[in-house]
Structure formats: structure tokens, C-alpha cells
Amino acid sequence: MADFDLDLGGDLLSITDEDGNEFELEVLDDLEYHGVQYVIAVETGPDDQQEQEAVILKYVTDEETGEELLSTPDTEEEYDEVYNLFMAQMFDGDEDA
């Protein structure tokens, strides 16, 4: 499981992975599923015109420190379920506009 340190700043997340690499992600949406909070985001970068792959992360609490972290879904099934919920939520929202 990949855990990330979390620094929330509006619609942007600044995360540092296990290897110390820093990334900035733009949060597209969030939702709660089975009592767990998830976000779907894309990496921001110098070339915003390039095709961006969405990443799904969930909030977890480090059992040792109590610190809130972001982690990737534990299984492919969990990822697929949450991805489908995000897609339904995002596209259902378009119909209301």
C-alpha cells in the first residue's frame, strides 16, 4: 500500500510519497463510501495540455501516530467500485445543470 503525507490547500493536494517525491494534485471530486472518504484527482504540472490520468486516493489513519494519510485503494475491486461511483456522481451532476 502506498501512503502519502497530506497537505490540503483548497482544491489542490500537495503529497509526498514514501520515497520523498512531492506531487501536486488537483482534486476533481470527493465522496464517502462504506464510511471511508475518497478523492479523485489529477496531477498538475507544467504542461496542463497533456492527457492526465486520474488517481483515486482514500483517507486512512496511521495506527501508530494517528496522522491522517492518503492511500491507494487496497484492491482492484475497491478501486473499480469507487471509480464507478465517481463517474456516476460526476455525470449525474452534469444532467442537473
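Just so it is clear, the structure is predicted and the values come from calculations on it, not from any experiment. (Residues numbered from 1 in each chain as written. Predicted model: local features only at pLDDT ≥ 70, side-chain atom pairs only at ≥ 80, totals over all residues. Heavy atoms only, no water.)

## Topic: the overall build of the chain
Counting its regular elements, the chain contains one helix and six strands. Element order for the chain, N to C, with α for helix and β for strand: β-β-β-β-β-β-α. Burial analysis of the chain (97 residues in total) assigns 25% to the buried set. If you take every contact in the chain between residues at least 6 apart in sequence, the share linking residues at least 24 apart comes to 31%. Summed over its atoms, the accessible surface of the chain is roughly 6,700 Å², and 42% of this surface lies on carbon and sulfur atoms. (Helix = DSSP H or I, 4+ residues; strand = E, 2+ residues; numbered from the N terminus. Buried < 20%, exposed > 50% of the residue type's maximum accessible area, 1.4 Å probe, protein only. Contact = heavy atoms within 4.5 Å. Areas by Shrake-Rupley, 256 points an atom, 1.4 Å probe, with all protein chains shown as cover.)

## Overview of the confidence of the model for the chain
On average, residues of the chain score 82 in pLDDT, and 78% of them reach the 70 mark or higher. For residues 1-9, every residue scores under 50 in pLDDT, and the model assigns this stretch 37 contacts once sequence neighbours within four places are set aside. (pLDDT = per-residue confidence, 0-100.)

## Describing the packing of aromatic side chains
Describing an aromatic ring pair means giving the distance of the ring centres and the angle of the ring planes. A complete count under the given rule lists one aromatic pair for this structure. Measuring from centroid to centroid gives 6.2 Å for Tyr79 and Tyr83, while their planes differ by 10°, and the two rings are stacked. Within this pair, Tyr79 and its partner Tyr83 are both found in helix 1 (residues 76-96), separated by four residues, close to a single helical turn. A residue is classified by how much of its surface remains accessible, and Tyr79, at 28% relative accessible area, is partly exposed. The class of Tyr83 is partly exposed, set by a relative accessible area of 33%. (Phe/Tyr/Trp six-rings, centres within 6.5 Å; stacked < 30°, edge-to-face > 60°.)

## Digging into a negative patch on the surface
Where like charges cluster on the molecular surface, the negative patch consists of Glu76, Glu77, Asp80 and Glu81. As for its position among the elements, Glu76 is in helix 1. (Patch = residues over 30% accessible without salt bridge, like charges linked within 9 Å, V, L, I, M, F, W, Y side chains within 5 Å. Salt bridge = Lys/Arg side-chain N within 4 Å of Asp/Glu carboxyl O. Lys, Arg positive; Asp, Glu negative; His and termini not counted. Charge placed at Lys NZ, Arg CZ, Asp CG, Glu CD.)

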